[in-house]
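For reference, the chains in residue letters:
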Amino acid sequence: MTDLENFLNNLDEKLNINQLDAINHKDGPALVLAGAGSGKTKVLTIKIASLIKNKKCGTNELLALTFTNKASKEMIFRISQILSSKLDFPWMGTFHSISYKILRINSELLKGNYNSNFSIYDPTDQLKIIKNIIKINDLDLNKYEPAKIRGKIDSLKNSLLYDEWEFEDDKEEQIIKTYQSKLESLNAMDFGDLILKFYELLTINNNFKERIQKLFKYVFVDEYQDTNIIQFRLINIISNPDKNLFAVGDEDQSIYGWRGANIENILQFKKFYPDTKVYKLEQNYRSTPQILNVSNHLISNNSERLEKNMWTENVKKENVKLWSFDDDREEAKHVAKEILKNLNVFKYEDIAVFYRTNAQSRVLEEELRKANVKYKIYGNISFYERSEVKDCISFLKFIINPDDEMAFDRIINLPPRGLGKKTVEKIKNISIQENENHYKSLINIIEGDILSKKIIKSLEVLRNCIEDFKKNLNEFSSISESFEKFLIDLGYFDYLKDDDKLGNVSEFLNYIAEFELSSETNDISDFLNSLMLSSSTDDMIDSSSFVTLMTVHLSKGLEFPCVYVVGIEEGLFPHSRSMYSTSEIEEERRLCYVAFTRAISSLNLSYCKMRRMFGSITYASMSQFLDEIIECDDLEEINVMFESTSNERVFHYKFGNGFIDTNDNDNFEDVVTVVFDSGAKKKVFVSDLEEIE
DNA sequence: GAGAGATGTATTTTT
DNA sequence: TACATCTCTC
């Protein structure tokens, strides 16, 4: 018996023949096509565990790239469980966090002004810098829209090396190149840079490349269908020359095309790696046959696919339900009511509500709160995007990276201490003249007695607080305590006043304290960047008791016994912005497929005829995706029965006689709900109604 | 220079 | 609607 067979025989977990095949894969490139709920994490973790167990490689010689931090944490946990020992996998993580780690260690190899304390700029920071450049160069903000330029920068970074970039015109080139050199001078990188700079290093520094190639004996990539071109090229270099690349993915779940993900990476895998062994996991262990059947039906309308047929041995339960409503308010009310009704079958944490756009969460939130349903919304504004938390982050960023002008701008007059726009410009100019970082110039100004007494006095406050912070940090080495004292001394708490904001700051301090407990480095830079690179689902706790609300995008990789997918309307899902090309429609369909396949035993779909969007009313019809599945035997259409709640008789020129429904207390202006004698319940304009005696 | 209030404008998905 | 930016007043 081989080591591997021996290892597998002693496992508690049962594996099917295809899963076994994939795990038995010897060296060389492998592509595992793992459909939704087919046990891909099981295959990945057992595969990795067997390599470690049989001493094929060490835990630090294995690169495993996941889509979220949560996924990598879970993998590490499960591998440790299989091998019954707590293991550390330093190179298991998201593309961004692994690239960050590599760049930080090798920062001296980077071109330009970079050092290991570089800052990471988020999309908001990007936009600010771009706007500023356009203004300074006196260009038309309408012709060169900052958001579009940012999109262009991101897509360039997702696909090409810096010197391969091409531009629309000279002005665009000027803006983008200025942006790039600005980031370099500020010792800062955006998300795209993190991966592109790692890749660039591999292409220009042979020594570095060989070191990396030697370090990683095996390369694993999860969610391969959502890798972009640069990630593909990066993986390709790293997994050479042995090509021990083990990629796991599902082309039907590729939903990040708009972010540069290139579905061809998985569709053409065999072309790129001719020796590839392909393994297919087609048995679904998650969902009922009804849910799977409806999902299969839907996705079969796509053409950008590999051949794959999902099936299940699970027992039949309830049919997939399709509800229709007059408007989003009713839909939300219904979801709240159903959740309460189902609490004898499902617990709060078993239930999830998915929607296409973040804006849809508002009505749901209101109705769930009214109905006393406990819920948690993921995504939307993430914690670190709140202004007071951004303030705190900027203080820390500026302290460790005094080149960071974004952070400097934010905190130089915070809390307000009499420094205006003009003064700040002066300080920056001095910094440029002296060719020093902003903090050094600030000290030079104080010591050299340049600028007015008033200004120097207020600069001194900031400097003293920063110096005290550094001193405290050295003495007590507690970031959270030193930082709290810093904020008190600076008068930041007094300035905030607002209880919610103060609460958020103290939560931020707790975050730091937690980080200090769990990390051995105790490094502020590491803390800040782990915060920037974390996703909203990373700290999801399975056992906490509330209903989960999130966009379909965020739901990838998760599963829930009971799922509601709301707002499946033409123009919303598929979204109106993606209705111009078949390939974009196909991505929307995959998105819908992802939503459906999260469900374990109960799947509830719904759409509305009318929806409130940005204050005005829009009308919509059932999504084409619903058209595609409506004939399915496992789908059940349900009509909500209405009862009128008033005696006010009215006549409508088109719909005839009916009663006004006063149950619906949140009618729009000029619009009222009427239950007509035909049984239909409709929202109509008051001006179209006549009172009947 | 600070803060309140008015005005205007853009609204997909996110590491 | 909601958020950023501009304008006005103190």
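Our subject in this report is the structure included herewith.

**Observations concerning the overall build of chain A**
For step 1, the next point in the chain: When helices and strands are tallied, chain A shows 28 helices and 23 strands.
For step 2, the next point in the chain: The principal-axis extents of the C-alpha atoms in chain A amount to approximately 85 × 80 × 50 Å.
For step 3, the next point in the chain: Each of the 693 residues in chain A was classed as buried or not, and the buried ones make up 54%.
For step 4, the next point in the chain: Of the roughly 32,100 Å² that chain A leaves accessible, carbon and sulfur atoms contribute 48%.
For step 5, the next point in the chain: The averaged location of the 112 negative side-chain charges in chain A is 3 Å from the averaged location of its 87 positive side-chain charges.

**Points about the packing of aromatic side chains**
For step 1, the next point in the chain: Evaluated as defined, the whole model comprises 24 aromatic pairs.
For step 2, the next point in the chain: Note on F269 and Y273: the rings are 5.0 Å apart at their centroids and 35 degrees apart in plane angle, and the pair reads as tilted.
For step 3, the next point in the chain: Residue classification places F269 among the buried residues on the basis of a relative accessible area of 0%.
For step 4, the next point in the chain: Residue Y273 is classed as buried on the basis of its relative accessible area of 1%.
For step 5, the next point in the chain: Seen in terms of ring centroids, F483 and F508 are 6.3 Å apart; in terms of plane orientation they differ by 70 degrees. Their pairing is edge-to-face. In this pair, F483 sits in helix α22 (residues 479–490) while F508 sits in helix α24 (residues 499–518), placing the two residues 25 residues apart along the sequence. This pair shows no difference in class: F483 is buried, exactly as F508 is.
For step 6, the next point in the chain: Joined through ring pairs, the aromatic side chains of F395, F469, F483, F486, Y492, Y495, F508, F515 and F527 make up one cluster.
For step 7, the next point in the chain: The lysine or arginine in question, K42, covers the ring of Y285, its NZ or CZ lying 5.9 Å from the ring centre.
For step 8, the next point in the chain: In this structure, K101 is placed above the aromatic ring of W91, and the distance from its NZ or CZ to the ring centre is 5.3 Å.

**Describing the protein's contact with DNA strand B**
For step 1, the next point in the chain: Of all residues adjacent to DNA strand B, which total 24 residues, the nearest are H96, R356, N358, S535 and F614.
For step 2, the next point in the chain: Take the atoms of DNA strand B that sit within 4 Å of the protein: sugar and phosphate atoms are 51% of them.
For step 3, the next point in the chain: One nitrogen or oxygen atom from the side chain of H96 is found 3.1 Å from a base oxygen belonging to DNA strand B.
For step 4, the next point in the chain: Between DNA strand B and R259, the relevant distance is 3.2 Å, taken from a sugar or linking oxygen to a side-chain nitrogen or oxygen of the residue.

**With respect to the pattern of salt bridges**
For step 1, the next point in the chain: Applying the stated criterion across every chain yields a total of 43 salt bridges.
For step 2, the next point in the chain: Between E366 and R362 there is a salt bridge, with its nearest N and O atoms 3.3 Å apart. With E366 and R362 both in helix α16 (residues 361–370), this residue pair falls four residues apart, about one helical turn.
For step 3, the next point in the chain: What makes R362 exposed here is its relative accessible area of 57%.

**Structural notes on a positive patch on the surface**
For step 1, the next point in the chain: There is a patch of like positive charges on the surface, built from K128, K131, K135, K421, K422 and K426.
For step 2, the next point in the chain: Mapped onto the elements of the fold, K426 is located in helix α19 (residues 421–434).
For step 3, the next point in the chain: Using a relative accessible area of 45% as the deciding quantity, one classes K426 as partly exposed.

**Concerning the side chain of Q19**
For step 1, the next point in the chain: Tracing the backbone shows Q19 in helix α2 (residues 17–24).
For step 2, the next point in the chain: Polar contacts involving the side chain of Q19 include one to the main-chain carbonyl oxygen of S38, which spans 3.1 Å.
For step 3, the next point in the chain: Contacts of Q19, omitting those with residues within four sequence positions, involve K14, S38, G39, K42, V43, L281 and Y285.

**Digging into the sheet that holds strand β19 (residues 649–652)**
For step 1, the next point in the chain: Read across the sheet, five strands follow the order β22-β21-β20-β19-β23 without closing on themselves; strand pairing throughout is antiparallel. Strands with a single pairing partner mark the edges of an open sheet, and in this sheet they are β22 (681–685) and β23 (689–691). Across the sheet, the axes of successive neighbouring strands diverge by a mean angle of 45 degrees, strand direction being ignored.

**Some details on the sheet that holds strand β8 (residues 277–281)**
Sheets are built from strands that pair by backbone hydrogen bonding, the pairs being arranged parallel or antiparallel.
For step 1, the next point in the chain: In spatial order, the strands read β3-β2-β6-β7-β1-β8; together these six strands make up an open sheet with parallel pairing. Since the sheet does not close on itself, it has two edges, and those belong to β3 (92–94) and β8, each with one partner. In this sheet, neighbouring strand axes are inclined to one another by 15 degrees on average, regardless of whether the strands run parallel or antiparallel.
For step 2, the next point in the chain: Judged from the five bridges that link them, strand β1 (residues 30–34) and β8 form a sheet pairing that is parallel. Each residue of the ladder has a partner; that of L31, found in β8, is V278.
For step 3, the next point in the chain: The strands touched by helix α4 (residues 69–82) within the sheet are β2 (62–66) and β3, with β3 carrying the most contacts at an inclination of about 165 degrees.

**What about α19?**
For step 1, the next point in the chain: Taking 1.5 Å per residue, 14 residues should reach 20 Å; α19 reaches 20 Å between its end C-alpha atoms and fits that length.
For step 2, the next point in the chain: One or two positions beyond α19, positive phi appears at N435, with a value near 55 degrees.

**Considering a nonpolar patch on the surface**
For step 1, the next point in the chain: Residues F651, Y653 and I692 make up a contiguous nonpolar surface patch of roughly 290 Å² in combined accessible area.
For step 2, the next point in the chain: With respect to the helices and strands, the residue Y653 is situated in the loop between β19 and β20 (656–660).

**A short note on the layout of surface pockets**
For step 1, the next point in the chain: Within this model, the second largest pocket holds a volume of roughly 1,200 Å³.
For step 2, the next point in the chain: Lining of the second largest pocket is provided by 40 residues; of these, N132, K182, E405, D409 and K428 occupy positions nearest its centre.
For step 3, the next point in the chain: When contributions to the lining of the second largest pocket are tallied by element, the ones reaching two or more residues are α6 (123–136), α8 (170–185), α17 (387–400), α18 (405–411) and α19.
For step 4, the next point in the chain: The dominant element in the lining of the second largest pocket, judged by the number of residues it contributes, is α6, at eight residues.
For step 5, the next point in the chain: When its residues are assigned to classes, the lining of the second largest pocket shows twelve nonpolar, twelve polar and 16 charged.

**Things to note about the environment of S80**
For step 1, the next point in the chain: Mapped onto the elements, S80 comes out in helix α4.
For step 2, the next point in the chain: According to the relative accessible area criterion, S80 is buried, its value standing at 10%.
For step 3, the next point in the chain: It is 8.1 Å that separates the C-alpha atoms of S80 and A49, two residues lying 31 residues apart in sequence.
For step 4, the next point in the chain: Beyond its immediate sequence surroundings of up to four residues, S80 is in contact with S85, K86 and L87.

Reading the values: the criteria
Residues numbered from 1 in each chain as written. Chains lettered and ligands numbered in written order. Predicted model: local features only at pLDDT ≥ 70, side-chain atom pairs only at ≥ 80, totals over all residues. Heavy atoms only, no water. Helix = DSSP H or I, 4+ residues; strand = E, 2+ residues; numbered from the N terminus. Buried < 20%, exposed > 50% of the residue type's maximum accessible area, 1.4 Å probe, protein only. Areas by Shrake-Rupley, 256 points an atom, 1.4 Å probe, with all protein chains shown as cover. Lys, Arg positive; Asp, Glu negative; His and termini not counted. Charge placed at Lys NZ, Arg CZ, Asp CG, Glu CD. Phe/Tyr/Trp six-rings, centres within 6.5 Å; stacked < 30°, edge-to-face > 60°. Lys NZ or Arg CZ within 6 Å of the ring centre and 35° of its normal. Near = heavy atom within 4 Å. Polar contact = N/O pair within 3.5 Å; in protein donor to acceptor, adjacent residues only side chain to side chain. Salt bridge = Lys/Arg side-chain N within 4 Å of Asp/Glu carboxyl O. Patch = residues over 30% accessible without salt bridge, like charges linked within 9 Å, V, L, I, M, F, W, Y side chains within 5 Å. Contact = heavy atoms within 4.5 Å. Pairing = 2+ DSSP bridges. Axes fitted to C-alpha atoms, helices over the stretch in contact; angles between N-to-C directions. Expected span 1.5 Å × (residues − 1). 1 Å grid on protein atoms, 1.4 Å probe; cavity = no way out; pocket = protein on both sides within 12 Å on 5 of 7 lines; lining within 4 Å. Points joined across faces, edges and corners; volume = space filled by probe spheres on them. Nonpolar A, V, L, I, M, F, W, Y, C, P; charged D, E, K, R; others polar.

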